[in-house]
Amino acid sequence: MKRKSVTICLSLVLTLGLLLAACSGDGNKGGTGSQAPSSGSPSESSSPESPSAPAGKVELDFWTFWGSETRRPIIEKIINDFNESQDRIVVKHTYLPWGDIWTKSTAAIAAGSPPDVIVQDINNGPARAANGQVTNITEYVERDDVKDWFYPELWNTVLYNDDVYALPFNTDTRFLFYNKEAFREAGLDPEKPPTTWDELEEYAIRLDKKSGNRYDRIGFYPLWGNFGYDAWLLNAESDGLSYFNYATGEVTIDTPAKREAIHWINKWTERLGQSTVDAFKAEFGSQQADPFIAGKVAMIVTTGTFYTQLRDYAPDMDFGVAAVPEKSPGNGHWTSGGGFVVEIPAGVKDPDAAWEFLKWLGGPQAQEHWAAMNFDNVANIAAAESAIHHEALSEKGKEVYQFAVDNMKWTKINPMPLEAPQYWDLKNPQIDAALLGQKTPEQALAQAQKDVEDLVAREKAKQ
């Protein structure tokens, strides 16, 4: 099997963000850029113990954070389908709340009593492999020839030193949602969304509506939705370059394109006013009161799963979707993605049986079911393409899901570089200062570049 280096071009985190994204509360966080993933937070306690496996069968314990009333039945249907597909292995599901699963799994691995299979975030896989917390599955992958099942950008995230330590499970991608009725009202063609930053500004100004000094509708603001400044700085680069060049190991925080992107974001804030930005931002995510759903914002960039909110809370809205506008023609409609992988922790008793279930989770049947029922981007290419035609999706749902699948070509996943652990603790305060007007973009990015380069040098000195 031809293997690639784990250091690849990333994402959100973060946040999935990310990951991440952004997505809803029980852990569908993909992360935007380097940020942590996104979804809601389930309230159930841990799953009750499943019945023990019958004599002669292998029992596997599968840990997830998918405990919401939406996702829990879906993952348990996938588990039941596997259990019924063969007569040697029985998988039980253990649900742990978002956050708890990470600390408890680390402790269980250290104690020598790990779960047999676990869902983990996509961005920190190399670190888990380097720390000896996960089983090397290269032999199984080569034997069963599964590499080509998955999107290459996602496959690269499960590699460490050219070996495989997980299978990709799901991801997310971000694109523009726009209100076609608002376009018509503003005299814009609803079938021609903006394609560049200049057009985005032009359309936004035409879509603004004011009563005196108060905005009744805002056309667009770049930091609303699920596309933070990390993603815009990535989008500004002609090759979707994030904060690291994974091929060379170079820190790429302070670049001309990223400086220009911060100036561009600040220009939006100056035009609208910080108080207006803050007031509208507070309403996002509040179902019917969400400003886009309520018609108070005409365009947002967010994850494809936002469609389910429109379906449930604005069924009559006439909306369209489009790629994130590119900085200039030919620059590229780059966006960030996050997501999750499935792993076999280090120290499991029966890695052969765990692999069989891992392979099922990455296979077409489980992946298509997850995609169609969750309206979620999955890692398996064939499943993603077949889910578009699933009977569970409406015609509009199929249209949006098809766009999400097609948008993967612009989607970058950004794993945490091993040589720069927690680098965002150095980078984020500097960019925040630039966005608050406390530093110029040039000052902030230069300092962030230096701080992270120093971090990389210290980490290399330890090796």
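Right, let's walk through the structure included here.

Rules of the game
Residues numbered from 1 in each chain as written. Predicted model: local features only at pLDDT ≥ 70, side-chain atom pairs only at ≥ 80, totals over all residues. Heavy atoms only, no water. Helix = DSSP H or I, 4+ residues; strand = E, 2+ residues; numbered from the N terminus. Buried < 20%, exposed > 50% of the residue type's maximum accessible area, 1.4 Å probe, protein only. Salt bridge = Lys/Arg side-chain N within 4 Å of Asp/Glu carboxyl O. Contact = heavy atoms within 4.5 Å. Polar contact = N/O pair within 3.5 Å; in protein donor to acceptor, adjacent residues only side chain to side chain. Phe/Tyr/Trp six-rings, centres within 6.5 Å; stacked < 30°, edge-to-face > 60°. Pairing = 2+ DSSP bridges. Axes fitted to C-alpha atoms, helices over the stretch in contact; angles between N-to-C directions. Parallel < 35°, antiparallel > 145°, perpendicular 65-115°, else oblique. Left-handed = near helix turned anticlockwise from the far one by under 90°.

1. Observations concerning the overall build of the protein chain
Counting secondary structure elements, the protein chain contains 17 helices and 19 strands. Scored against the burial criterion, the 463 residues of the protein chain give a buried share of 60%.

2. Details of the pattern of salt bridges
Taken as a whole, this structure holds 26 salt bridges when the rule is applied. Across the pair Asp254 and Arg259 runs a salt bridge whose closest N-O atoms are separated by 2.8 Å. Its relative accessible area of 23% is what places Asp254 among the partly exposed residues. Arg311 is paired through a salt bridge with Asp312; the nearest N and O atoms lie 2.9 Å apart. A relative accessible area of 43% means that Arg311 is categorised as partly exposed. When its relative accessible area of 45% is taken as the criterion, Asp312 is described as partly exposed. A cluster of three or more residues bridged by salt bridges with shared partners is formed by Arg143, Asp144, Glu356 and Lys359.

3. Considerations on helix H13 (residues 364-374)
Listing the buried residues of H13 in full gives Ala366, Gln367, His369, Trp370, Ala371, Ala372 and Asn374. Buried positions along H13 lie against helix H1 (71-85), strand E8 (167-171), helix H12 (351-362), strand E18 (377-378), helix H14 (381-387) and helix H15 (395-406). Phe375 sits one or two positions beyond H13 and adopts a positive phi of about 55°.

4. Description of the side chain of Lys327
Inspection of the secondary structure assignment puts Lys327 in the loop between strand E15 (319-322) and strand E16 (335-337). Polar side-chain contacts of Lys327 include one of 3.1 Å to the side chain of Glu260. The residues touching Lys327, leaving out its near neighbours within four places in the chain, are Trp197, Asn235, Ala236 and Glu260.

5. Details of the packing of aromatic side chains
Inspection of every chain in the model, using the stated rule, returns 41 aromatic pairs. Aromatic pair Phe65 and Trp98: ring centres 5.0 Å apart, planes at 85°, arrangement edge-to-face. One end of the pair, Phe65, is in the loop between strand E3 (58-64) and H1; the other, Trp98, is in the loop between strand E4 (89-95) and helix H2 (100-110), with 33 residues separating them in the sequence. Given the relative accessible area of 0%, Phe65 is considered buried. We classify Trp98 as partly exposed; its relative accessible area is 23%. Here the aromatic rings of Phe169 and Trp370 are separated by 5.3 Å at their centres, their planes lie at 70°, and the arrangement is edge-to-face. Of this pair, Phe169 sits in strand E8 while Trp370 sits in helix H13, placing them 201 residues apart in sequence. With relative accessibility at 0%, the residue Phe169 sits in the buried group.

6. Section: the pairing of strand E9 (residues 174-179)
Extensive coverage of E9 is indicated by the burial of six of its six residues. The sheet contact formed by E9 and strand E14 (residues 299-303) spans five bridges and is antiparallel. Pairing of Phe177 across the sheet is with Ile300, part of E14. Here four bridges tie E9 to E15, and the two strands are oriented antiparallel to one another. Pairing of Asn179 across the sheet is with Phe319, part of E15.

7. A closer look at the sheet that holds E15
Pairing in this open sheet of three strands is antiparallel, and the strands run E14-E9-E15 from one edge to the other. Among the strands making up the open sheet, the edge pair consists of E14 and E15. On average, each strand axis in the sheet is tilted by 30° relative to the strand beside it, whichever way the strands run. Each of E9 and E15 is contacted by H15, which is oriented at about 15° to E15, the strand it contacts most.

8. Focus on the packing of H1 against H13
Between H1 and H13, the least distance of the axes is 10 Å, while the angle of their chain directions is 165°. The angle between the axes of H1 and H13 places the two elements in the roughly antiparallel class. Every pair of crossing elements has a handedness; the one defined by H1 and H13 is right-handed. Counting all contacts with H1, which are made through Arg71, Ile74, Ile75, Lys77, Ile78 and Asp81, the residues of H13 involved are Gln365, Ala366, His369, Trp370, Met373 and Asn374.

9. Overview of the sheet that holds E4
A sheet is described by the order of its strands in space; here six strands give the open sequence E4-E3-E5-E17-E8-E18, paired in mixed fashion. Only two strands of the sheet have a single partner each, and these edge strands are E4 and E18. Of the strand pairs in this sheet, E3 and strand E5 (residues 117-121) are connected by two bridges, and their pairing is parallel. When the bridges of E5 are listed, Trp63 appears paired with Ile118. Seen against the sheet, H1 touches E3 and E4 and runs at an angle of roughly 165° to E4. Here H12 sits on the sheet in contact with E3, E4, E5, E8 and strand E17 (339-343), set at roughly 45° to E3.

From the geometry alone we can't say anything about function, so treat these as descriptive.
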